[in-house]
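For reference, the chains in residue letters:
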Amino acid sequence: MEIFKYMETYDYEQLVFCQDKSSGLKAIIAIHDTTLGPALGGTRMWTYASESEAIEDALRLARGMTYKNAAAGLNLGGGKTVIIGDPRKDKNPEMFRAFGRYIQGLNGRYITAEDVGTTEEDMDLIHLETDYVTGVSAEFGSSGNPSPVTAYGIYIGMKAAAKEAFGSDSLEGKTVAVQGVGNVAYTLCEHLHAEGANLIVTDINKEAVQRAVDAFGAKAVDINDIYSQDADIFAPCALGAVINDTTIPQLKAKVIAGSANNQLQDTVHGDLIHEMGIVYAPDYVINSGGVINVADELQGYNRERALKRVEGIYGTIEQIFAISKRDNIPTYVAADRLAEERIARVAKSRSQFLQNEKSILTGR
């Protein structure tokens, strides 16, 4: 991998390599764009096959956070960290304290949070060395478990998508096929059930499925049958890449709106469902409730304020649909355009300000 060529192609700002021999820390911090503000993105710990794979993952994830934060209306840029190692056996307190010192050394350009392979306890250790961390314990001002807020954002975004598809955002009487019934999806089901939606659920975890059946009167189906159900809305809330050549022909739903990341296996699948008239709520926008929630910690967490901001997902989804119609493009492209236009406006405003400052100083 030609690192500088890759960074130049996608306009990355900074790549930081962190190593601490005594604790075994090997971490890569990628900062993609700070036009809107400090880069916010979680720390992932994973057993990468190679250093190149770890670098590529950090870069890819950081760029994704730029778009997610921008589309969510946050005054934050995009960044990400990967720590090379097995989170089940390679962790130690010294590792995260050392990592915290590296974050502190960036002087606020990067703010971290939990991600795959890291926990609230890990964030607390980082917090011993820096304030540039979110998702810490409640005693340090944490927002707590992000799942309920993420689920609330999915529910709000689903209502916006339903309005686009059916002319009303009411989900009463609508049938929603939910793929995966983990923490986020279960809470989503609570909201849907309370509004009077009919639920169809599946999960590899049979206990999770039975829980939803017992609590919401949901219909349980095999994991391979969820796509072909007579549903109004398909909610992918488990694995990524589930919108693909195999599943698209099976879909009967008019809306796709769920919590899973990277739902489209490839961009061509986003084009295809657009041509079919299926209303797709882009994943990184509809599932942004979690990052909106932790971002509120930076101001001193206020749950009521955070939930109000999460409700803004409804308007953001509406904007994406409007751009999709305006430019005759699929909604996944419209989401990127929304983020890029916001970044461009701020960059232009900042450039104009600096130019004015220079004119004042030079008298020109």
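This section reports on the structure supplied with the text. (Residues numbered from 1 in each chain as written. Predicted model: local features only at pLDDT ≥ 70, side-chain atom pairs only at ≥ 80, totals over all residues. Heavy atoms only, no water.)

On to the pairing of strand S10 (residues 233-236). Residue alternation in S10 divides its side chains into two sets, Ile 233 and Ala 235 and Phe 234 and Pro 236, and both sets are buried. Both strand S7 (residues 175-179) and S10 contribute to a ladder of four bridges, which runs parallel. Residue pairing across strands places Val 178 opposite Ala 235, the latter belonging to S10. Bridge count for S10 against strand S11 (residues 255-256) is two bridges, and the pairing is parallel. What sits directly across from Ile 233, in S11, is Val 255. (Buried < 20%, exposed > 50% of the residue type's maximum accessible area, 1.4 Å probe, protein only. Helix = DSSP H or I, 4+ residues; strand = E, 2+ residues; numbered from the N terminus. Pairing = 2+ DSSP bridges.)

What follows concerns the environment of Ala 98. Position of Ala 98 relative to the elements: it lies in helix H3 (residues 93-105). Once residues within four sequence positions are removed from consideration, Ala 98 is found in contact with Asp 20, Ser 23 and Leu 25. (Contact = heavy atoms within 4.5 Å.)

This next bit is on the nonpolar core. Grouped together as the largest cluster of nonpolar side chains are 64 residues, with contacts concentrated most on Met 158, Val 176, Val 178 and Leu 192. Beyond its immediate stretch of four places on either side in the chain, Leu 192 contacts Tyr 155, Met 158, Leu 171, Val 176, Ala 197 and Leu 199. Formed by 20 residues, the second largest nonpolar core is a distinct cluster that contains Ala 98, Phe 99, Leu 106 and Ile 126. (Core = buried A, V, L, I, M, F, W, Y, C linked by side-chain atoms within 4.5 Å.)

Spatial ordering of the open sheet is given by S9-S8-S7-S10-S11-S12, a layout of six strands whose pairing is parallel. Single-partner strands in this sheet number two, and they are strand S9 (219-220) and strand S12 (279-280). By the bridge criterion, two bridges tie S11 to S12 in an arrangement that is parallel. Paired with Ile 256 across the bridge in S12 is Tyr 280. Packed onto the sheet, helix H6 (residues 183-195) meets S7 and strand S8 (198-202) and runs at close to 165 degrees relative to S8. (Axes fitted to C-alpha atoms, helices over the stretch in contact; angles between N-to-C directions.)

That's the geometry; what it means functionally is another story.
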